[in-house]
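Descriptive analysis of the structure
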Amino acid sequence: MTQVQPEDSATIPARSAGSRDRTDAQIVALDCYDVRFPTSLAHDGSDAMNPDPDYSAAYAVLRTDSGELHGQALCFTIGRGNDVVVAAIETLRPHVVGRRVGEITGDLGGFSTGLIGDSQLRWLGPEKGVMHMAIGAVVNAAWDLAAKVADKPLWRLLADMAPEQIVSMIDFRYIEDALTPREALSILRAARPGRAERIAELERSGYPAYTTTPGWIGYSDEKLVELSRQAVSDGFGQIKLKVGADPAADARRLKLARDAVGPGVRIAVDANQRWGVAQATAAITALAPWNPYWVEEPTSPDEILGLATIRQAIAPVKIAVGEHVANRVIFKQLLQARAADVLTIDACRVAGVNENLAILLLAAKFGVPVCPHAGGVGLCEMVQHLAMFDFAAVSATTADRVLEYVDHLHEHFTDPVRVVGGRYLAPVTPGFSATLRPETLRDYQFPHGSVWQQLGGV
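As the structure is a prediction and not an experimental result, all values here were calculated from the model.

**Considering the overall build of the protein chain**
- Secondary structure summary: the protein chain contains 20 helices and twelve strands in total.
- Radius of gyration (C-alpha) of the protein chain: 21 Å, near the 23 Å computed for a compact globule of 458 residues.
- Projected onto its principal axes, the C-alpha positions of the protein chain cover 60 × 55 × 45 Å.
- Once local pairs closer than 6 in sequence are excluded, the contacts in the protein chain between residues at least 24 apart make up 75%.
- Accessible surface, the protein chain: about 17000 Å² in total, of which carbon and sulfur atoms supply 51%.
- Treating the 43 positive side-chain charges of the protein chain as one cloud and the 54 negative ones as another, the clouds have centres 4 Å apart.

**Description of the layout of surface pockets**
- The space that makes up the largest pocket amounts to roughly 820 Å³.
- Forming the walls of the largest pocket are 42 residues, and the residues nearest its centre are P53, D54, T77, I78 and G79.
- For the lining of the largest pocket, the secondary structure elements donating two or more residues are β3 (70-77) and β5 (238-242).
- Reported here for the second largest pocket is a volume of approximately 360 Å³.
- Taken together, 22 residues make up the lining of the second largest pocket; nearest its centre are Y59, Q72, K148, T414 and T435.
- For the lining of the second largest pocket, the secondary-structure elements that each account for two or more residues are β2 (56-64), β3, α7 (129-150) and α19 (438-444).
- Residue contributions to the lining of the second largest pocket peak at three residues, all from β2.
- Here the residues of the lining of the second largest pocket are counted per class, giving nine nonpolar, seven polar and six charged.

**Focus on the nonpolar core**
- Residues I89, W143, L158, L343 and Y424 are the most contacted members of the largest nonpolar core, which totals 153 residues.
- Per-element accounting of this core gives the leading share, 15 residues, to α7.
- Discounting chain neighbours no more than four positions away, the residues touching W143 are L108, L154, L157, L158, M161, M169, V353 and N354.

**Details of the packing of aromatic side chains**
- According to the stated counting rule, one finds eight aromatic pairs in the structure shown.
- Relative to Y444, the ring of F37 has its centre 4.6 Å away and its plane inclined at 35°; by these criteria the two rings are tilted. Of this pair, F37 sits in the loop between β1 (27-36) and β2 while Y444 sits in helix α19, and the two are 407 residues apart along the sequence.
- The exposure class assigned to Y444 is buried, which follows from its relative accessible area of 18%.
- An angle of 85° between the planes, with centres 5.1 Å apart, marks the rings of F446 and W452 as edge-to-face.
- The exposure class assigned to W452 is buried, which follows from its relative accessible area of 2%.
- The structure contains a cluster of three or more aromatic residues connected by ring pairs, namely Y210, Y293 and W294.
- Here R36 stacks its cationic end above the ring of F446, 3.8 Å away from the centre of that ring.
- The aromatic ring of F366 is capped on one face by K365, whose charged end is 5.6 Å from the ring centroid.

**As for the side chain of E164**
- Residue position: E164 is located in helix α9 (residues 163-168).
- Of the polar contacts made by the side chain of E164, one reaches the side chain of R189; its length is 2.6 Å.

**Details of the environment of I187**
- Position of I187 relative to the elements: it lies in helix α10 (residues 181-190).
- Separated by 172 residues in sequence, I187 and I359 have C-alpha atoms that sit 13 Å apart.
- Beyond its immediate sequence surroundings of up to four residues, I187 is in contact with L179, L361, A364, K365 and V394.

Procedures and definitions
Residues numbered from 1 in each chain as written. Predicted model: local features only at pLDDT ≥ 70, side-chain atom pairs only at ≥ 80, totals over all residues. Heavy atoms only, no water. Helix = DSSP H or I, 4+ residues; strand = E, 2+ residues; numbered from the N terminus. Rg over C-alpha atoms; globule rule 2.2 N^0.38 Å. Contact = heavy atoms within 4.5 Å. Areas by Shrake-Rupley, 256 points an atom, 1.4 Å probe, with all protein chains shown as cover. Lys, Arg positive; Asp, Glu negative; His and termini not counted. Charge placed at Lys NZ, Arg CZ, Asp CG, Glu CD. 1 Å grid on protein atoms, 1.4 Å probe; cavity = no way out; pocket = protein on both sides within 12 Å on 5 of 7 lines; lining within 4 Å. Points joined across faces, edges and corners; volume = space filled by probe spheres on them. Nonpolar A, V, L, I, M, F, W, Y, C, P; charged D, E, K, R; others polar. Core = buried A, V, L, I, M, F, W, Y, C linked by side-chain atoms within 4.5 Å. Buried < 20%, exposed > 50% of the residue type's maximum accessible area, 1.4 Å probe, protein only. Phe/Tyr/Trp six-rings, centres within 6.5 Å; stacked < 30°, edge-to-face > 60°. Lys NZ or Arg CZ within 6 Å of the ring centre and 35° of its normal. Polar contact = N/O pair within 3.5 Å; in protein donor to acceptor, adjacent residues only side chain to side chain.

Below, the structure written as structure tokens:
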């Protein structure tokens, strides 16, 4: 691993004597819950590849012996297999239980690489798949803990760090041919001027959003039109539709949406990996009369050269990809191959905040905007912090950048997202905004929660 050591080794500075005491707390448990929501009943979240998702969370809690100080995060799935991720998270208990909070929050770079570097668990990837996602949940829970110790929302904790501190969190192995630690430092230092003003702007006006709420493939035409008009009325300048199940239906739905919102609103489309390379090129070309802004995941996210081929064929329509990209190495190659116009990072796909820091800096190096993927369970809550940090301290711009928003399941969180006038308002509560309400854990645990019992445990 290639790392840069920060000038100040205290990456999470203590706020007060009380905060210093909290770093002495001991982690006594890593609890994990299988939480599922029956969203398939209303076709919420449905797309061409995933027609019946039950939005789910493998919910990880780092419990300490210090009162209410706990670190929470989750890994998002869509139903079956959520228990597999829970089991993967549970294998990480020996790496965290018994350690002091300050030991972890004082070296979050080392903590991340320690989990990823477990040689026997790494064999299951390496650095991709269920094990990598499980590591991401635990790493993100540690960042939640660190932000609570610092008494800051995570985006602000990151934005307040020195460039050297940020770079010290990143594992440059496998990406140094595209982004060196020195280059990463230069990017972060170049963004320092105006940082305070951008932070103030976030606190005042928030971050621009777009919405996928109208576009689920299982929705009726009438619901699509109604929700598209409502999105524009609510202040969104971009919506997204799911495509890929049937070419005639895709054209009909895109025309309905375009007629509903008019020519001045961007409409992105998302095929969720449905097509092969030639099929994608033909399908996107057929949708061109309705001016799609970007096409997301037109084919496999691992199909780097194929994505580059599609991108060249369909320009000026953009290619967006990222929510299923497994790690920083694939992101690097997508950028090197000029295979994407937009990166749609996800808070829960790669190994947590540290790896997403690397991806944000790679995107900045290559001049590609990041428009994070959200929706799901808790994805909006978590990834907003990464988008706001990017604006405050990395890209220093919101030009061509929007953060996905889906109006589902936010009521289950103690610090839900706040979207007003088509913009995410900046979180103010300390942490990563990923804490589920106790009644949600009681009612939606699978299969014994009360909601699932009423549905027959299925």
